[in-house]
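Chain by chain, the residues:
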Amino acid sequence: MFSLLSLCTALLKWPLRLLVKFKIVPDHPVNELALDINRPIFYVCHTESASDLATLRRVCQQLSLPDPLQPVPLAGTELTRTLFLEKPHSVIGGRSKTRALRQGQQLLQLHLANPELDAQLVPVAILWGRAPGKENSIKWLLGEANAPHWLAKFMIVLVSGRHTLVRLSRAVSLTQMAAQFGDKPDTARKLLRMSRFHFYRQKLAATGPKLVNRSQLFNALLASPALKQAIEDEARSKKVSLKVARQQAHKLLQEIAADYRESTLRVGDRVLSWLWKKLYSGIKINNADMLRDLAQKGHEIVYVPCHRSHMDYLLLSYVIYHQGLVPPHIAAGINLNFWPAGTIFRRGGAFFIRRSFSGNKLYSAVFREYLSQLFSKGYAVKYYSEGGRSRTGRLLQPKTGMLAMTVQSMLRGIERPVTLVPVYLGYEHVMEVSTYVNELQGSGKKKESIGGVLKAIRNLRDYGYGYVNFGEPIQLNQYLNQQVSDWKSHIHPLEVQKPTWLNPLVAKLANQVMQHINQAAALNATNLIALSILATDKHVLTRNELAQQLSFYLDLQRQVPYHPQISLPEGDADSLIAHALTLQKVQSTTDGFGELIGLNAEHSVLASYYKNNVLHLFMLPSLLASSVLHQRSISSEQLLSDIEQLYPLLKAELFLYVSSLRTYCQALLQFMTEQGLIESDGVNFYAPAQQSRHYFMLSLLAHNAEDTLQRYAIVLNLIVAQGPLNRADLENRGHQLAQRLLHLHGIVAPEYYDKGLFATLINALKDAGISHTNSSNQVCSSPRLQQLTQTVNTLLRNDILQTLQSIMPEDAAP
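First, a word on what this report is: a plain description of the structure on this page. (Residues numbered from 1 in each chain as written. Predicted model: local features only at pLDDT ≥ 70, side-chain atom pairs only at ≥ 80, totals over all residues. Heavy atoms only, no water.)

## Notes on the sheet that holds strand S18 (residues 587–591)
Pairing within the open sheet is antiparallel, and its three strands lie in the order S17-S19-S18. Edge strands, defined here as strands with exactly one partner in the open sheet, are strand S17 (540–542) and S18. Geometrically, the sheet is characterised by an average inter-axis angle of 30 degrees between neighbouring strands, direction not taken into account. Of the pairings in the sheet, the one linking S17 to strand S19 (residues 594–598) comprises three bridges and is antiparallel in character. Among the inter-strand pairings, Leu-541 is bridged to a residue of S19, identified as Ile-597. The strands that helix H22 (residues 543–559) touches are S17 and S19; relative to S17, the one it contacts most, it runs at about 95 degrees. (Pairing = 2+ DSSP bridges. Helix = DSSP H or I, 4+ residues; strand = E, 2+ residues; numbered from the N terminus. Axes fitted to C-alpha atoms, helices over the stretch in contact; angles between N-to-C directions. Contact = heavy atoms within 4.5 Å.)

## Section: the packing of helix H21 (residues 525–533) against helix H23 (residues 573–582)
Relative to each other, H21 and H23 sit at 100 degrees, their axes nearing to 9 Å. As the angle between them shows, H21 and H23 are arranged roughly perpendicular. Of the residues in H23, those touching H21 at Ala-525, Leu-528 and Ile-529 are Leu-576, Ile-577, His-579 and Ala-580. Across the contact of H21 with H23, the residue classes break down as six nonpolar, one polar and no charged. (Parallel < 35°, antiparallel > 145°, perpendicular 65-115°, else oblique. Nonpolar A, V, L, I, M, F, W, Y, C, P; charged D, E, K, R; others polar.)

## Quick look at the side chain of Ser-160
In this fold, Ser-160 is placed in helix H5 (residues 150–160). For Ser-160, a relative accessible area of 13% corresponds to the buried category. Leaving out residues up to four positions away in the same chain, Ser-160 has contacts with Trp-128 and Gly-129. (Buried < 20%, exposed > 50% of the residue type's maximum accessible area, 1.4 Å probe, protein only.)

## A short note on the environment of Lys-382
Relative to the assigned elements, Lys-382 resides in strand S13 (residues 381–382). Considered as a pair, Lys-382 and Ile-301 are 81 residues apart in the sequence and their alpha carbons are 8.5 Å apart. When sequence neighbours within four positions are dropped, the list of residues in contact with Lys-382 reads Tyr-303, Pro-305, Asp-312, Tyr-313, Leu-316, Ser-317, Pro-328, His-329, Ile-330 and Ala-331. There is a polar contact of 3.3 Å between the side chain of Lys-382 and the side chain of Ser-317. (Polar contact = N/O pair within 3.5 Å; in protein donor to acceptor, adjacent residues only side chain to side chain.)

## Focus: the packing of aromatic side chains
Counted under the stated rule, the structure contains 15 aromatic pairs. Aromatic side chains Tyr-553 and Phe-618 sit 4.9 Å apart centroid to centroid with 55 degrees between the ring planes, which places their arrangement in the tilted category. A residue pair is termed long-range when its members are at least 10 positions apart, and Tyr-553 in helix H22 and Phe-618 in helix H24 (residues 601–630) qualify at 65 residues. Grouping residues by exposure puts Tyr-553 and Phe-618 together as buried. (Phe/Tyr/Trp six-rings, centres within 6.5 Å; stacked < 30°, edge-to-face > 60°.)

Rendered as structure tokens:
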């Protein structure tokens with residue numbers, strides 16, 4: 001029988017080359033899955049099919065892996081290399097059993113007798129198309145059956161052959177299996193059951209659960225007890241009939257719900273593949289293997305990325321799709337629901353959300369019920385916890401609404417594990433960056449339209465690299481167990497009463513998500529060069545000076561990394577400079593003394609956006625540098641004390657998190673001493689000679705903390721000199737004083753225009769117990785705040801400090 005299969009496979013070789021185009025996941029399976037080509041390799045596939053085997057042969061040939069038709073000599077016996085779990089159905093009648101059980105038992109017996117054989121069993125899932133199928137559907141001809149007969153398979157190849165996914169998984173050590181479970185028939189059966197379940201999970205991860213008919217979904221949602229109650233409450237409060245209230249709920253569902261279609265994804269994949277080639281030099285992806293492992297284990301994945309650009313919607317879904325996983329349903333702002341983009345996004349899995357739910361209980365109930373349905377059915381979901389795109393390049397303070405609804409869905413009794421996956425999205429060029437600066441400076445936000453899309457398409461050019469880094473996941477079940485041991489006692493299908501612990505827990509969880517995003521940051525040519533050049537007065541450096549600073553930053557993150565998951569660019573400092581020049585991010589001029597690399601006035605403002613993307617990675621070393629520079633001699637203990645005073649504010653604003661602040665800072669000090677940027681006599685630290693190269697590098701590093709320290713000084717000095725102050729007055733005066741500094745000192749920092757950062761700082765002062773409020777709810781000083789003010793003032797440039805002190809008396813409250 002196998003010889004007949006071999007013959008059919010050989011005959012199909014050339015026809016399938018025309019009909020089949022496949023995507024291999026992962027991209028480099030030999031390296032990523034740690035396959036040892038010097039050890040015997042066996043393959044296990046789901047269905048015994050000539051088309052599957054012919055496709056597997058092409059894949060193995062491309063990867064330089066052994067031919068699946070070639071027998072494996074093992075302990076003097078030639079064994080079939082490829083095992084099949086299922087026989088295909090017959091056109092008429094049932095199907096026979098495969099030899100997989102007998103083959104598996106033979107392999108286990110050989111390895112039990114000869115442990116040194118240590119062969120590898122590699123599961124290979126071959127999926128013809130990514131269509132999930134529909135619930136209650138009897139249309140199995142095009143692939144919804146697990147083991148279709150030859151005629152159905154012929155139709156499947158014709159229709160879906162160009163969209164084939166081949167997923168290789170980590171090899172199973174047969175020696176370990178034999179040693180752990182023996183060679184009994186039950187062991188081989190268990191191995192086959194595990195393999196069948198593995199392939200089921202593979203297919204589910206790639207296609208997602210079966211789709212529900214949209215009208216049936218709406219009817220089921222409207223008939224749910226929670227929505228029926230909400231409709232009754234709406235009818236009662238608005239004094240309308242139940243029919244009218246139900247129609248309103250149905251209309252809201254039409255506004256919100258996605259209309260997911262796999263055909264849209266196929267077309268979108270082709271369009272986006274073309275678009276990325278036009279836009280980017282490449283897409284860098286990190287930690288995607290974690291994502292595939294979670295999907296394989298059956299986790300409900302909730303993607304929580306940062307939000308830099310409208311491109312985020314497309315880029316992340318595209319990357320997920322090319323990792324062999326089903327793209328998530330995406331929570332998109334209602335502002336994107338314009339023709340024709342709204343229809344396309346909706347069919348690609350977008351569901352639309354209003355900016356605010358306040359005052360509309362029916363909308364809130366409908367949206368929450370729809371989201372809960374997505375989770376209960378097993379669809380992956382993606383939402384942006386920042387609520388909007390960052391205009392400054394920093395992470396925004398998170399909005400907790402979607403996260404709260406995710407936790408509330410768990411309180412309805414979702415059985416599968418739910419895992420949040422933070423995602424860092426980075427770009428060497430953000431298409432909207434110019435408009436962000438204009439909006440911060442007071443111009444109104446332009447409404448999204450098809451005209452804006454067409455204008456953007458006309459301006460397409462090479463924008464360098466895009467970065468998608470998957471951060472450390474947070475398993476919600478485990479998180480809830482740690483934070484609220486009895487949370488399962490609150491599970492109720494109707495969410496009768498919101499638990500008192502929900503809001504504080506969600507706020508803490510949201511903050512942890514943002515920390516995990518920042519821990520997966522991507523360094524690149526644009527943000528590293530921005531960090532270096534913006535630290536100079538005229539925004540220009542010699543090429544050698546720039547290369548030295550870039551090399552220092554790269555070495556710093558290699559040897560004392562902020563977090564193991566950050567990604568570093570390939571190549572050295574010179575290659576980064578060359579790349580930035582090709583992107584026209586910097587300008588090169590040459591005089592009689594050599595080459596200068598700089599930024600013009602417009603690019604300086606834009607570059608600060610990219611600097612802010614990764615500022616958190618360098619904030620603590622920058623503060624250490626600043627402390628050493630501003631004091632002739634300072635002890636290690638005083639340095640650490642300064643950092644500990646500032647850390648609660650930095651943690652709130654930049655979502656910093658290091659497991660041990662003192663240990664990390666001591667490692668930074670040691671590295672900076674070894675590099676010559678600071679000197680030590682064994683007791684105290686001090687700066688090198690002012691005329692030295694190392695002093696210059698230390699001052700560039702210290703400059704990265706200046707804008708943050710200046711904003712802190714503005715608020716702290718206002719509270720000390722003019723307090724108590726109403727919160728709104730404090731925010732407004734802080735913002736006005738920041739504008740004064742901008743104009744007087746030529747500061748280039750978009751965040752100076754962002755009132756939200758002043759609000760964040762005031763909240764952080766209160767939460768850390770540094771400030772307090774009086775009976776009139778005014779912000780008041782305290783001994784800790786006065787001490788912090790002195791510390792911050794010590795770290796300021798003299799001209800900035802003088803400006804602050806000269807302005808305060810003029811604006812002092814009577």
